[in-house]
Each structure stands twice: as C-alpha cells, then as structure tokens.
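Understanding the architecture of this molecule
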Amino acid sequence: MLITRETDYALRVLRALSEGEQLTAGDISEQQMVPKPFAYKIIKKLSKAGFVRITRGADGGCRLAVGLDKVTLYDLMAAMEEDSAVIACMEPGYSCPWREAHGGCMVHCRLGLVQQRLHEELRGHTLQELIFGTAAE
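Throughout what follows, the structure given in this document is the object of discussion. Nothing here was measured: the structure is a model prediction, and the numbers come from that model.

Regarding helix α3 (residues 36-48)
In this model α3 runs 19 Å from its N-terminal to its C-terminal C-alpha over 13 residues, within 8% of the 18 Å that 1.5 Å per residue would give. The set of residues buried in α3 consists of Ala-39, Ile-42, Ile-43, Lys-45 and Leu-46. The arc enclosing the buried residues of α3, seen along the axis, measures out at 165°, which places them on a common side. The exposed residues of α3 that point more than 90 degrees off its buried face are Pro-37, Tyr-40, Lys-44 and Lys-48. Contacts from the buried residues of α3 go to α1 (5-17), α2 (25-32), β1 (52-55), β2 (61-64) and α4 (73-79). Gly-50 sits one or two residues past α3 and shows a positive phi near 85°.

Shown next, in the form of structure tokens:
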C-alpha cells in the first residue's frame, strides 16, 4: 500500500488545523475520527517535520506551521517516514545480487522510470489541492 493509514490520518490532522485554530490532539481525534493514540504520534511527527507547532501546557495544543499550498503529498509521506519505492531495489543502498552478477538489470531500469514518474506525481499535488480540491487563493 503506497499511502498508509498513518498518512491518511496525517491528512486528517492537517485538514483539522487548516482553519488556523489551535486544537488539542483530543479535539482533532474527535473531529477527524482519528484514534487518539495515532493523533498524538502523528502530531509529533508533523511537528518534527515542521508542519505543525506544538504549544505545551494548560492552554496547549497544536497549530499549522506551513501553508498547505506549499507542501506536497511527497513531503507528507516523507514526514511520515513512508517508503514510496515501487520495488525493494529502488530503495537507497539496496544491493541487488542480480544486477551485481549481470552488470545491470532491465527490470530495474524500467522500474526506475516508473519510480521517477511516481515521485513527480506525488510532488505534483499540494495538500491544499488534495484536501480541498483547489489551489490556495
């Protein structure tokens, strides 16, 4: 599965924060039907990636720190530490015994083109477009 449940939940978290309000993980969990333990974990990852800003304390919560029109689906998947490789041999550092034994692999070359197009497609869609169907005005 290319887009996992975690990335789906991350999109929901960002959708909840898109109005600019500061919300708690509990608020987001309830509004967006994201299990609370997932909400905490995802908000932490989104904060680490610079997508959200967390305020601690009694009046704490989180708030969007980036414009959704500036962040792509590729960026979000990277923040969620998801792998978008179409096959294991596309992963950085993968050592393919076939390629090493035969000096190359046509399958790898062809799938490399598919991988390139996939990354272009993932980078071609902002979260604003995915969540709301429109570009930011």
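Details of the pairing of β1
Of the pairings in the sheet, the one linking β1 to β2 comprises four bridges and is antiparallel in character. Following the sheet pairing, Ile-54 is matched in β2 by Cys-62.

The rules we used
- Residues numbered from 1 in each chain as written.
- Predicted model: local features only at pLDDT ≥ 70, side-chain atom pairs only at ≥ 80, totals over all residues.
- Heavy atoms only, no water.
- Helix = DSSP H or I, 4+ residues; strand = E, 2+ residues; numbered from the N terminus.
- Expected span 1.5 Å × (residues − 1).
- Buried < 20%, exposed > 50% of the residue type's maximum accessible area, 1.4 Å probe, protein only.
- Arc of directions from axis to C-beta.
- Contact = heavy atoms within 4.5 Å.
- Pairing = 2+ DSSP bridges.

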